[in-house]
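Descriptive structure summary
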Amino acid sequence: MAYSTDDVAIARSLQLATYIHASMATFWTYDYACSLHEEWEFLLRSRWNKMKCLYIITRYLPFIFLATDLSMYFTPNENPGKCRVLENTQSGLGIVLVIVSESFFIIRTYVLWNKNRILLVAILSTFFTFLVASFSIVFATGVPAAYATSAIPGITGCYQSSTSFQYFIPFLLLSVFELGLMMLTLICAMQNWRINSNRLYIVLVNHNISYYACGFLFSITNTITSLLLKYSYQIVLYNFQFMILAILATRMHLHLWQVNQHPHGSTTLVLSGVVRGARFGPYKMTGGGGFGRVDYVLNL
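Computed from a prediction, not measured in an experiment: that's the story for all the values here. One numbering rule holds for all chains: residues counted from 1, following each sequence as written. pLDDT decides what is reported in this predicted model: residues at 70 or higher carry local features, side-chain atom pairs at 80 or more are listed and counted, and totals for whole chains, interfaces and linings draw on all residues regardless. Only heavy atoms go into the side-chain values, all of them from the structure, while hydrogens and water stay out.

1. Thoughts on the overall build of the protein chain
Per the secondary structure count, the protein chain includes nine helices and four strands. The linear arrangement of helices and strands in the protein chain, starting from the amino end, is α-α-α-α-α-β-β-α-α-α-α-β-β. For the protein chain, the share of sequence-separated contacts (at least 6 apart) that also reach a separation of at least 24 residues comes to 74%. A helix here means a DSSP run of H or I that spans at least four residues, while a strand means a run of E at least two residues long, and both kinds are numbered starting from the N terminus. Should any heavy atoms of two residues lie within 4.5 Å, those residues are counted as being in contact.

2. Some thoughts on the environment of Ala 151
Among the secondary structure elements, Ala 151 is positioned in the loop between strand S1 (147–149) and strand S2 (158–160). Note on classification: 1.4 Å probe, protein chains only; a residue is buried when its accessible area is under 20% of the maximum for its type, exposed when over 50%, partly exposed between these limits. For Ala 151, a relative accessible area of 47% corresponds to the partly exposed category. The sequence separation of Ala 151 and Val 8 amounts to 143 residues, and the corresponding C-alpha distance is 8.7 Å. Every residue in contact with Ala 151, bar those within four places of it in the chain, is listed here: Tyr 3 and Asp 7.

3. Side note on unusual backbone geometry
Residue Asn 114 is not a glycine yet carries a positive backbone phi of 55 degrees. By the secondary structure assignment, Asn 114 is in the loop between helix H4 (80–112) and helix H5 (117–142). Taking relative accessible area as the criterion, Asn 114 reaches 32% and is therefore assigned partly exposed. Even without a glycine there, the phi angle at Lys 115 is positive, about 55 degrees. Relative to the elements of secondary structure, Lys 115 occurs in the loop between H4 and H5. Its relative accessible area of 24% is what places Lys 115 among the partly exposed residues.

4. Thoughts on the packing of aromatic side chains
Pairing of aromatic side chains requires ring centres within 6.5 Å, counting the rings of Phe and Tyr and the six-membered ring of Trp. Pairs whose planes differ by under 30 degrees are stacked, by over 60 edge-to-face, and all others tilted. Summed over the entire model, instances satisfying the criterion amount to 15 aromatic pairs. Aromatic side chains Phe 130 and Phe 177 sit 6.5 Å apart centroid to centroid with 75 degrees between the ring planes, which places their arrangement in the edge-to-face category. Of this pair, Phe 130 sits in helix H5 while Phe 177 sits in helix H6 (residues 168–192); the two residues are 47 residues apart in sequence, bridging distant segments of the chain. Overall, the relative accessible area of 6% leaves Phe 177 in the buried class. By way of ring pairs, the aromatic residues Trp 28, Tyr 32, Tyr 60 and Phe 63 are connected into one cluster. Of note, Lys 52 hangs over the ring of Trp 48, and the distance from its end group to the ring centre comes to 4.3 Å. A ring is scored as having a charge over it whenever the NZ atom of a lysine or the CZ atom of an arginine sits within 6 Å of its centre and within 35 degrees of its normal. Positioned above the aromatic ring of Trp 28, the side-chain terminus of Arg 59 is 5.0 Å from the ring centre.

5. Re the side chain of Asp 69
Locating Asp 69 in the fold gives a position in helix H3 (residues 50–74). Side-chain polar atoms of Asp 69 contact the side chain of His 21, separated by 3.2 Å. Excluding anything up to four places from it in sequence, Asp 69 contacts His 21, Met 24, Gln 90 and Asn 239. Whenever a nitrogen or oxygen atom comes within 3.5 Å of another N or O atom, the pair is scored as a polar contact, on the condition that within protein one atom can donate a hydrogen and the other can accept it, and that pairs from neighbouring residues in sequence are kept only if both atoms are in side chains.

6. Points about the packing of helix H1 (residues 5–34) against helix H8 (residues 238–261)
Lines are fitted to the C-alpha atoms to define the axes, a helix being fitted only along its stretch in contact, and any angle between axes, read from their N-to-C directions, falls within 0 to 180 degrees. Look at H1 against H8: their axes get within 11 Å of each other, and the N-to-C directions meet at 10 degrees. The orientation of H1 with respect to H8, classified from their angle, is roughly parallel. Residue-level inspection shows His 21, Met 24, Phe 27, Trp 28, Asp 31 and Cys 34 of H1 in contact with H8, the latter providing Asn 239, Phe 240, Met 243, Ile 244, Ile 247 and Arg 251. Classifying every residue of the contact of H1 with H8 by side-chain character gives eight nonpolar, two polar and two charged. Here the angle decides the label: under 35 degrees means roughly parallel, over 145 means roughly antiparallel, 65 to 115 means roughly perpendicular, and every other value means oblique. When residues are grouped by polarity, Ala, Val, Leu, Ile, Met, Phe, Trp, Tyr, Cys and Pro land in nonpolar, Asp, Glu, Lys and Arg in charged, and all others, Gly among them, in polar.

7. Focus: the environment of Ala 133
Tracing the backbone through its elements, the reader meets Ala 133 in helix H5. Accessibility expressed as a relative area gives 27% for Ala 133, which makes it partly exposed. The spatial distance from the C-alpha of Ala 133 to the C-alpha of Leu 173 is 8.8 Å, given a sequence separation of 40 residues.

8. What about H3?
Helical geometry: 3.6 residues make up each α-helical turn, so side chains three or four residues apart lie on a common side. Between its terminal C-alpha atoms H3 stretches 36 Å, which fits the 36 Å expected from 25 residues at 1.5 Å a residue. Bend angle per residue: angle between axes fitted to the 7 residues ending at that residue and the 7 residues starting there. The largest bend in H3 amounts to roughly 25 degrees and is located at Tyr 60, with the proline Pro 62 lying one to four residues further along. The N-cap of H3, judged by a side-chain oxygen 3.0 Å from the amide nitrogen of Met 51 a few residues on, is Asn 49. In this scheme, a helix's expected span is set at 1.5 Å multiplied by one less than its residue total.

What follows is the structure, given as structure tokens:
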């Protein structure tokens, strides 16, 4: 039986999506296995607080996300309605993953700016506005969308047959948000680099910039693929971005906790609120090397 050019292109896009999602699940499992000892040390030794709960949600929600993902692309499915349910569930879980991952770094930016409430209100208002817009676009586009499977036997997975370019908008909004927070971190770092040179402060700034830069680049890439590609090629990196953001957020939080457990000089208290949920309190660093002042730590 001869297949059209579109049928072949659709089959290839679904195969590529299947390979990427399988590699994503493998990468997540490998990362989890490699950090299992460190993670259980953190879970058993750290105090229970809101940051620890946020860590657990961000760390283990991807298991549900991946199960939905693999079910969609590896299970033979001829029912478009089931495809729609799986896709919408996946989109919702992806947005939740972005929310919890970004929450770590919104809190960190708040700490870097010395508990500036005006800045926090501005960040949260912007984030909430972008979230409402993203939810509206994703579900207004995805719920009524038509789904189809490959006409070629043996090709599993389904795709959105009615191509929509509106999906680029949430990633464009996220890239703007990431860029804004990265600029705030850079401004704070340039203002304080002479007076705050302790190790935890440097780790915090490096984490923020690395996370925001990675999120910004992924968002721009997904914006471009949403506009220029079709079939499963259009969304092939969406879930990959959600997973990478969750891995970065939890890995960086775990690393910050570990650094705080093995301080140099008297840096033990620096930013301990980020990892322990301590109360706010001004204190001056007195350890060797002329550490600068960190005025506030996070009160959770």
